[in-house]
Amino acid sequence: MTVSTDCQLNPDTRPDTDSEAYRQAYSRINGVVVVGETLAHHHFRRLARAIPADGAELLRLGQMEGNHAREFSECARNLGVRPDIRLAKQLFSPLHQLFRQSDERGDIPACLVIQCLIVECFAVAAYRSYLPVADAFARPITAAVIEDESEHLDYGEVWLKQRFEAVKDSVSAICLQALPTTLAILRALVDDMRVVGMDPYDLVASFGEGFQQSLETIGYGSSEAARLLRRAMAA
Ligand SMILES: [Fe+2]
Ligand SMILES: [Fe+2]
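Given the structure is predicted, the values throughout are model-derived calculations rather than measurements.

Looking only at helices and strands, one finds 9 helices and 0 strands in the protein chain. With the C-alpha coordinates of the protein chain rotated into their principal frame, the extents come out at 55 × 35 × 35 Å. Looking at the protein chain as a whole, 53% of its 235 residues qualify as buried. The contacts of the protein chain with a sequence gap of at least 6 include a subset with a gap of at least 24, amounting to 80%. Carbon together with sulfur atoms contributes 50% to the accessible area of the protein chain, which is approximately 11000 Å² in total.

Here it is in structure tokens:
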């Protein structure tokens, strides 16, 4: 996937990154980004232990997430904003707990759905939505990260597709549990996203589209994928 970084907004519609409202909204959004990337780093390290045959590859993907966390921290530092890490940890806690519980019971498909499908689809949709309104420092970083997240999504899709019939029940079950907790994170940031110039409804629609596409890629029929997504998003 190629992502254009040539996203110039009309100066009249570009958010004022110096305003107090922008700085506060950015602090909460950037906190969620940095915590999400840090958790992704931990999740891939756990996946490397759970799937030793792909251990080196999963550690490499985890390292990329650690780099993303550092780069997005620099974006906040560049604006002189401190990310709200405490709020972000609270928001991510239910999803992270689900990952830990899945890992502890040896449910590798559930772990892969949470990290490689849900978190990565969420990241791709969110970063694509942010890219056109990103400041000049954050824009090239965001564009490069989108490419990396697509690679992480691919890993999960390939693994799950190769074992689809055996893992399908586990995939469906964890979607119903994990998607509502992911949407709750988005809901908590709706007002902040508007302040930084993002459209939260576009983001949810693009997340839903990307996630349904992933379900179809791993083996669900399109109406079956749509039904599962509808049930999970309404839960
Ligand atoms: Fe990442
Ligand atoms: Fe990722």
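As a further point, take the coordination of the iron ion (ligand 2). Distances from the iron ion (ligand 2) to its protein donors, Glu65 (OE), Glu120 (OE), Glu120 (OE), Glu149 (OE) and His152 (ND1), fall at 2.0 to 2.3 Å. Considered as a linear motif, the donors of the iron ion (ligand 2) on their single chain read E-x54-E-x28-E-x2-H. A spacing of 3.5 Å is found between the iron ion (ligand 2) and the iron ion (ligand 1), which share Glu65 as a donor. Taken together, the positions of Glu120 in helix α4 (residues 108-130) and Glu149 in helix α5 (residues 138-162) put the pair 29 residues apart, joining distant regions of the chain. For the pair formed by Glu120 and Glu149, the shared burial category is buried.

In this section: the coordination of the iron ion (ligand 1). Protein coordination at the iron ion (ligand 1): the donors are Glu37 (OE), Glu37 (OE), Glu65 (OE), His68 (ND1) and Glu149 (OE), at 2.0 to 2.8 Å from the metal. Here the donor residues of the iron ion (ligand 1) are spaced in sequence according to E-x27-E-x2-H-x80-E.

Each value, and the rule that gives it
Residues numbered from 1 in each chain as written. Chains lettered and ligands numbered in written order. Predicted model: local features only at pLDDT ≥ 70, side-chain atom pairs only at ≥ 80, totals over all residues. Heavy atoms only, no water. Helix = DSSP H or I, 4+ residues; strand = E, 2+ residues; numbered from the N terminus. Buried < 20%, exposed > 50% of the residue type's maximum accessible area, 1.4 Å probe, protein only. Contact = heavy atoms within 4.5 Å. Areas by Shrake-Rupley, 256 points an atom, 1.4 Å probe, with all protein chains shown as cover. Donors = N, O, S within 2.8 Å, 3.2 Å for Na, K, Ca; no water.

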